[in-house]
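Here's the letter readout for the chains.
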Amino acid sequence: MSGTDYNYDEQGQFFPYFILTITSLVTIPVTYSLLKPSKELENTATRIETDFKPEHADLIEGQRKKQKRRERRLKRFLFSVGGWLIIAWMVYLMAVTARTVPKIWDPYDVLGVSRSASEKEIKKYYRKLSLVAHPDKAREDPANNITKESINDHWVEVTKAFKALTDEEIRNNYLQYGHPDGKQSFSIGIALPKWIVTEGHGTYVLLLYALALGVLLPYTVGRWWYGIQRVTKEKILVASAGKLFREYDNDHSDSGVIGVLSSGEEFNEVLKGHKADNGLSKLEQKVLADGVDAPVNGVLTKKDRQKLEDLDDSARRKVLSLLWAYLCRIELNDPILNDEKFEVAPIALTLNEAYTAMALAYGNTKAVLSAYHTSQNLIQALRPGASPLEQLPYFTPAVAKAAEADRSRTHIAIQEFMRIPAGQRKARVVAPGLLSEAQYKNAMSLVSQLPVLHVEKAFFKVIGERFITPSSLVQFIVKARFIPPGTVNVPAIEESDLEDVDPEEGDLTALKGRKDDKENEKPIQPPLAHGPYFARNHAPRWHVFLADSKQGKIAVPPFTFSTFNKPILDESGKPTFNMQTLNMQFGAPPQAGSYTFVMHMICDSYIGMDTKMEVTLLVEEASKAEEMEEEDEISEPDDDTIAGQMRTLKSGGIPGASKPKKRRPQDDDSSDGSDTEGDVGSESDTDTDTDTDEE
């Protein structure tokens, strides 16, 4: 007898194992992704401590909680809970369901003899057994459920067992197939209860399969595919990217960028339905109000005003008005409008990242700077051209104007304000109608925590080489320290901190100039950006790039730094003044010569804390560099010669002593081909009424 038998799980023994396995394969990864600690910088950074509460702090906090609810991924949470409930149910069924284990046929067990018994002993025991178990000898006993049929079946098994141990042919069947009757049918159990396909349930099973394979699976795959195709890598809708591209212009000013961002499709979710028209006229009256004291006076040009008034799309008109109301901190006297005002700003920042990517693709310096400045304005809720002092708590335009005192057309940065003598600085802003003593103290407390990255040195080098040659891989090294504005007793710079020692061969982490992201250490990063009006947490980032001032183009695209290689604050929260190293890599020009670039270091979160300086890259001809190295080797006599010993004595050394080997610092202007020209300057110290960023 041969063949294959397919049997359903009659008692439901294996069905729980099947469901448990399938459910676990999905539930465990989903749960891990749900509980896995977030590595986003916004979730790992500390906060700047301040007691300042902006106006409508409850609305801003409400927007932050709303975003957190979106990030909690409720659907994934419910799916995970449902999966674990099913797993628990299956484990319970496995524990309470009695398992019937198929018994392996054993002739020795049937006869009741030991496996060491001889054939003679087996025959002897068989004869004794026939006297009591033979159907002619055994008697029925209904009380013990012993019937004539069971007696016959038992004797058949006894006979098979006896022959399996004594008859040659039957014994071969038993040894080869495990049964005296030869090869048996192969039974495969299906881990589904039999009631699923019986008792009229077959139709429902087919319907379930049709829904799963014909509807649910295509829908899931289609939704996943559409979801990844409808957004760009900057996490904005493809439709929005198309609109930003159509309206992009290299000559857009900061206010022009705001107008472009208002075209994003993401705003439709905020203003869906009748929200686009509700309160629009009241909002435009507030934003477009005339007068010397109007918040947008001097910010919106006639062209910007006309563009706003000419928009036919009411939703976009409202978005643009809300953005200007947010940037100018206009009180709208309407809780719904104020709430929408704080909601559109984070969306605009996301769109601005995509706009920045477009500006970088064109490589126009002015456009890139406008995009970065727009990021600063959105996070700080300040209009373009506003005083950097308005980033401080309680500093209104009137207070900032009083603080700037003798400045009529220019603004001063927070760093410059803090360089004013303490008594004079306080006298300017602590007065009736300006700041109180407590408010001034709160503002100064916050200033002492702001992460201002001060560049100490910037230079070029090639790892392992003294000179930079054409087409070599150049490292642009920036040495900088975090020095909060107004800090006194700043430690002096040690020359060794300004050196950049070549990494060991094969040390890829050092070659990259950054910490290995795979390390399980907490990233070293500054506190979250202080943006009390911005309804999101934002980790500050510094963008460093080199520009060609003559052509107004970017020569080396930006490298972004958000984490650093040394602690910024100590355990007590005080600044460490550690020298940070920022490392950029790019290919040297293919021709020898002297190349002057403008280095821009832009912080995306704070206004007036940018650095702009000239750096010179000196590229030597490969042959000339080799000659200079040979001359250096000839010009220095060996220590074991008379000239070498005399040179050692003159320098105060010990003749014959071995010269310690150390890595050659690459910061010597005469040998590394790099130079830093001009003083480090802050872009915020320039006249805000003129365009100084075209370089």
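In this convention, every chain numbers its residues from 1, walking through the sequence in written order. Reporting in this predicted model follows two pLDDT cut-offs: at least 70 for local features of residues, and 80 or more for side-chain atom pairs to be given and counted; totals over whole chains, interfaces and linings ignore these cut-offs and use all residues. Side-chain calculation: all heavy atoms of the structure are included, whereas hydrogens and water are not.

Going by the annotation in an unreviewed UniProt entry, the name recorded for the chain is DnaJ-domain-containing protein, with Lindgomyces ingoldianus given as the source organism.

1. Brief notes about the environment of R425
Where we set the bar: Runs of H or I in DSSP of at least four residues are treated as helices and runs of E of at least two as strands, each being numbered from the N terminus. Only heavy atoms enter the contact rule, under which two residues are in contact if any of them lie within 4.5 Å.
Relative to the helices and strands, R425 resides in helix α19 (residues 422-429). Not counting residues up to four positions away in its chain, the partners in contact with R425 are F417, M418, I420, Y440 and M444.

2. Some words on unusual backbone geometry
Quick note on the threshold: A 1.4 Å probe rolled over the protein chains alone gives each residue an accessible area, and that area as a share of the maximum for its type sets the label: buried under 20%, exposed over 50%, partly exposed in between.
In this structure, N489 is a non-glycine residue whose phi angle is positive, near 60°. With respect to the helices, strands and loops of the structure, N489 is situated in the loop between β4 (473-482) and α21 (495-498). Given the relative accessible area of 73%, N489 is considered exposed. In this structure, F577 is a non-glycine residue whose phi angle is positive, near 60°. Tracing the backbone shows F577 in the loop between β6 (553-561) and β7 (579-587). Residue F577 is classed as buried on the basis of its relative accessible area, which comes to 15%.

3. Points about helix α3 (residues 74-96)
Here is the rule we go by: Multiplying one less than the number of residues by 1.5 Å gives the expected span of a helix.
Between its first and last C-alpha, α3 extends 33 Å over 23 residues, near the 33 Å set by a 1.5 Å rise per residue. Among all positions of α3, only S80, G83, I87 and M90 are buried. Those residues of α3 that are buried are in contact with α1 (15-35).

4. Overview of the packing of helix α9 (residues 238-247) against helix α15 (residues 335-362)
Between two packed helices, what matters for the description is the angle formed by their axes and the separation of those axes. Rules: Note on definitions: angles span 0 to 180 degrees between N-to-C directions of axes, and those axes are lines fitted to C-alpha atoms, for helices only across the stretch in contact. Roughly parallel means an angle under 35 degrees; roughly antiparallel means over 145; roughly perpendicular covers 65 to 115; every other angle is labelled oblique. Note on convention: near helix rotated counterclockwise from far helix by under a right angle means a left-handed crossing. Clockwise means right-handed.
Contact geometry of α9 with α15 gives a least axis separation of 10 Å together with a crossing angle of 50°. When the axis of α9 is compared with that of α15, the two are oblique. The crossing of α9 and α15 is right-handed. Across the interface between the two elements, S240, A241, L244 and F245 from α9 touch L351, A354, Y355, M358 and Y362 from α15.

5. Section: the sheet that holds β7
Here is the rule we go by: At least two DSSP bridges between two strands are required for those strands to pair.
Read from one edge to the other, the open sheet built from 3 strands follows the order β3-β4-β7, with strand pairing classed as antiparallel. With one partner strand each, in any of the chains shown, β3 (453-461) and β7 form the two edges of the open sheet. Recorded for the sheet is a direction-independent mean angle of 20° between the axes of neighbouring strands. Where β4 meets β7, 9 bridges bridge the pair, whose relative direction is antiparallel. Across the sheet, R481 pairs through a bridge with M579, a residue of β7.

6. Details of helix α10 (residues 254-261)
Of all 8 residues that make up α10, 8 are buried, and the element is covered over most of its length. Restricting attention to buried positions, one finds in α10 the residues D254, S255, G256, V257, I258, G259, V260 and L261. Against α9, α11 (267-270), α13 (302-310), α14 (314-327), α15 and α16 (365-380) lie the buried residues of α10.

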